[in-house]
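Residue-level listing of the chains:
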Amino acid sequence: MPINTKLIRTSNVFRFTKQTKLLSMPIFSSLNSFLRRHKKKLIVTATLTFSAYFLVNQFIIKKLKNFQNSLRQELFVKEQIKRRFVQTQNDCYLTILALLPVLTQPIINHLPIELITQALKLKKTNSNPTPQEISDSLLTTDNLTMHQNTNDSSDLSHYMSLSKTELWKLLKIKTLTRTLTLMYSISGLLLLTRLQLNILARRSYLESAIILAGGKVNDTETSQDYFIEQSYLSLSWWLLNKGWLKISDLVEKVVTEKFNTINARTELSINKFDDLLCEMVNELSTNHNQEILNAIFPISYDNLIESLLNTNSELIKELDIEDSIMLKLINETTYLVSNEAFGDILINMVDSCKSTLIENLLLSLDPENAYTNQEKVIDISNIKQFKLANLLAQLSIQCGVLCDNNNLMNDTFSNELSGNIYMNNLNEIESLDEFSASIYSNFE
């Protein structure tokens with residue numbers, strides 16, 4: 001009889017399912033019993049585990065977000081400071097260019113080498129030279145040009161009353177004095193303006209930071225602060241009107257001592273002339289440093305009062321208020337100007353002007369050796385020498401370059417400058433930028 005395989009298979013499945021149910025019942029029963037016995041413990045454990053996970057997760061996420069926000073804010077602040085710093089230095093450069101004629105024109109008028117040159121030329125045409133007088137053929141050089149000036153005929157008649165020897169001696173002293181006075185005065189004005197504008201930029205940044213942090217700045221105080229800040233900047237009046245004259249007097253004494261025995265016909269190499277300039281700069285920095293600093297900013301109380309009387313006399317009362325903004329600005333500036341670092345940077349700037357001057361003298365008088373490799377041993381006997389009169393003529397031209405304020409950016413997106421090479425080199429001195437940047441670390 002055939003076996004019904006389908007029936008057998010169905011029977012086996014039924015039997016297996018029945019056995020499985022019988023086996024699973026004790027397992028579910030015991031698990032259910034376990035859950036009932038440890039219900040509270042399991043709930044507490046689950047609650048604590050979930051709470052711990054939630055708290056830790058939230059804490060870490062919050063910390064991470066705070067860190068990201070802090071990092072983002074720090075980068076933003078640094079970028080803002082960098083932008084403000086760069087903009088401040090550019091503003092300073094443009095400010096100096098604007099003030100350059102105000103500073104240099106009185107110096108040029110006070111040391112009228114063009115008028116002395118004119119007197120020498122007139123004497124050349126109206127009289128015959130004597131053996132005792134200096135050869136006036138030196139006046140025919142193309143380098144000794146006469147510039148336009150506003151001196152009246154009475155000044156010229158005064159110089160015409162002097163002998164040619166006296167005029168040459170006077171021309172020597174006044175030309176060298178004008179050159180060094182311009183170097184010191186322009187360097188001092190640039191350094192002082194950098195100091196003042198960076199102090200004010202730092203204050204402005206702090207106010208912006210307060211606003212960004214959710215704080216408020218009183219509009220009335222801001223308006224008053226602006227007036228005080230402009231008055232503070234006007235303290236450069238001292239250098240522009242009084243200080244340069246004091247510097248000129250100091251320089252002229254040193255020049256007279258150093259060049260007393262050197263006449264216009266004396267032949268000097270450019271290297272020797274550079275050494276003489278270095279000796280005079282060293283003399284001024286060693287023995288007259290404090291006097292020069294006093295000429296740059298009104299450090300003494302009397303000079304400060306005189307400056308305020310001639311700029312904003314109503315602010316003199318601010319000097320008697322202990323916490324006044326004006327007094328804080330003046331005190332900080334006085335401290336930094338009196339600091340040794342300020343004097344060192346000023347010397348670096350004067351040295352930069354002097355180096356530029358020597359390079360230009362080489363290019364004008366000795367172009368063949370202007371690009372000589374410095375490592376090459378040069379035969380001393382072949383070094384060219386020039387009469388001091390020729391050097392003085394070139395100094396007159398270089399003073400004109402030093403006073404030039406027609407110096408603009410070649411390109412809006414470029415830092416390359418053209419025009420006054422002296423100002424360009426001064427503006428690129430690394431220690432000057434470092435000094436300007438250090439001001440931002442001096443928070444009130």
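Residues numbered from 1 in each chain as written. Predicted model: local features only at pLDDT ≥ 70, side-chain atom pairs only at ≥ 80, totals over all residues. Heavy atoms only, no water.

Draft legend 1. View of the overall build of the protein chain. Secondary structure assignment for the protein chain yields 16 helices and 2 strands. Relative to its 444 residues, the protein chain shows a buried fraction of 39%. Across the protein chain, contacts joining residues at least 24 apart in sequence account for 83% of those joining residues at least 6 apart. About 25600 Å² of surface is accessible on the protein chain, with carbon and sulfur atoms providing 56% of the total. (Helix = DSSP H or I, 4+ residues; strand = E, 2+ residues; numbered from the N terminus. Buried < 20%, exposed > 50% of the residue type's maximum accessible area, 1.4 Å probe, protein only. Contact = heavy atoms within 4.5 Å. Areas by Shrake-Rupley, 256 points an atom, 1.4 Å probe, with all protein chains shown as cover.)

Draft legend 2. Geometry of empty space enclosed by the protein. According to the stated counting rule, one finds 1 cavity of 30 Å³ or more in the structure shown. The computed volume of the largest cavity comes to approximately 40 Å³. Forming the walls of the largest cavity are Tyr 184, Leu 284, Ser 285, Asn 289, Ile 292, Leu 346 and Ile 347. When contributions to the lining of the largest cavity are tallied by element, the ones reaching two or more residues are helix H8 (270-287), helix H9 (289-296) and helix H12 (340-365). Looking at the lining of the largest cavity, its residues break down into 5 nonpolar, 2 polar and no charged. (1 Å grid on protein atoms, 1.4 Å probe; cavity = no way out; pocket = protein on both sides within 12 Å on 5 of 7 lines; lining within 4 Å. Points joined across faces, edges and corners; volume = space filled by probe spheres on them. Nonpolar A, V, L, I, M, F, W, Y, C, P; charged D, E, K, R; others polar.)

Draft legend 3. Structural context of the packing of aromatic side chains. Going through the model one piece at a time under the given rule, you end up with 2 aromatic pairs. Ring geometry for Phe 259 against Phe 273: centres 6.5 Å apart, planes inclined by 65°, an arrangement best described as edge-to-face. Separated by 14 residues along the polypeptide, Phe 259 in the loop between helix H7 (237-258) and strand E1 (267-269) and Phe 273 in helix H8 bring together distant segments of the chain. For the pair Phe 259 and Phe 273, one class covers both residues: buried. Summarising the aromatic geometry, the rings of Phe 342 and Phe 435 are spaced 6.1 Å apart at their centres and angled 75° between planes, so their arrangement reads as edge-to-face. (Phe/Tyr/Trp six-rings, centres within 6.5 Å; stacked < 30°, edge-to-face > 60°.)

Draft legend 4. The arrangement of the nonpolar core in detail. Within the largest apolar cluster, 87 residues are counted, with the highest numbers of intra-cluster contacts made by Phe 259 and Phe 273. In terms of residues, this core owes the most to one element, helix H5 (residues 164-212), which gives 15 residues. Among the nonpolar cores identified, the runner-up in size contains 13 residues, and Ile 113, Leu 156, Trp 168 and Leu 171 belong to it. (Core = buried A, V, L, I, M, F, W, Y, C linked by side-chain atoms within 4.5 Å.)

Draft legend 5. Molecular detail of the packing of H7 against H8. The contact between H7 and H8 brings their axes to 10 Å, and the two run at 135°. Our classification of the angle between H7 and H8 gives oblique. For the pair H7 and H8, the sense of crossing is right-handed. Side by side, H7 and H8 meet where Leu 250, Val 251, Val 254, Val 255 and Lys 258 of the first sit next to Leu 276, Glu 279, Met 280, Glu 283 and Leu 284 of the second. When grouped by side-chain class, the residues that make up the contact of H7 with H8 number 7 nonpolar, no polar and 3 charged. (Axes fitted to C-alpha atoms, helices over the stretch in contact; angles between N-to-C directions. Parallel < 35°, antiparallel > 145°, perpendicular 65-115°, else oblique. Left-handed = near helix turned anticlockwise from the far one by under 90°.)

Draft legend 6. Up close: the pattern of salt bridges. Considering all chains together, one arrives at 9 salt bridges under this definition. For the salt bridge of Lys 174 with Glu 252, the shortest nitrogen-to-oxygen distance reads 3.2 Å. Residue Lys 174 is located in helix H5, and its partner Glu 252 is located in helix H7; the two are separated by 78 residues in the primary sequence. For Lys 174, a relative accessible area of 15% puts it in the buried group. We note a salt bridge from Arg 194 to Asp 433, for which the minimum N-O separation is 3.0 Å. Linking Arg 194 in helix H5 with Asp 433 in helix H16 (residues 430-438), this pair joins segments that are 239 residues apart in sequence. The class of Arg 194 is buried, set by a relative accessible area of 1%. By relative accessible area, Asp 433 is classed as partly exposed at 29%. (Salt bridge = Lys/Arg side-chain N within 4 Å of Asp/Glu carboxyl O.)

Draft legend 7. Spatial organisation of H16. Among the residues making up H16, those that are buried are Ser 431, Leu 432, Phe 435 and Ser 436. The arc enclosing the buried residues of H16, seen along the axis, measures out at 140°, which places them on a common side. (Arc of directions from axis to C-beta.)

Draft legend 8. Geometry of the packing of H7 against H9. Where H7 meets H9, the closest approach of the two axes is 7 Å, and the angle between their N-to-C directions is 160°. It follows that H7 is roughly antiparallel to H9 by the angle criterion. Residues Trp 238, Leu 239, Gly 243, Lys 246, Ile 247 and Leu 250 of H7 pack against Glu 291, Ile 292, Asn 294, Ala 295 and Ile 296 of H9. Counted by class, the contact of H7 with H9 contains 7 nonpolar, 2 polar and 2 charged residues.

Draft legend 9. Inspection of the environment of Thr 181 at higher detail. Summarising the element assignment, Thr 181 is placed in helix H5. For Thr 181, the contacting residues outside a window of four places in its chain are Ile 107, Leu 111, Trp 244, Ile 247, Ser 248 and Val 251.

Draft legend 10. Here's a closer look at the side chain of Ser 185. The topology assignment puts Ser 185 in helix H5. Note on Ser 185: relative accessible area 0%, which makes it buried. Engagement of the side chain of Ser 185 in a polar contact is seen with the backbone oxygen of Thr 181, the distance being 2.8 Å. Those residues in contact with Ser 185, other than ones at most four positions away along the chain, are Leu 103, Ile 107, Leu 239, Trp 244 and Ile 247. (Polar contact = N/O pair within 3.5 Å; in protein donor to acceptor, adjacent residues only side chain to side chain.)

Draft legend 11. Broad picture of the confidence of the model for the protein chain. Averaged over all residues, the pLDDT of the protein chain is 79; the fraction at 70 or higher stands at 70%. Here residues 128-138 is a poorly scored stretch, pLDDT under 50, and it has 21 contacts once near neighbours within four places are set aside; other chains count. Every residue in residues 140-151 scores below 50 in pLDDT, and together they form 23 contacts with partners more than four places removed in sequence or on other chains. (pLDDT = per-residue confidence, 0-100.)

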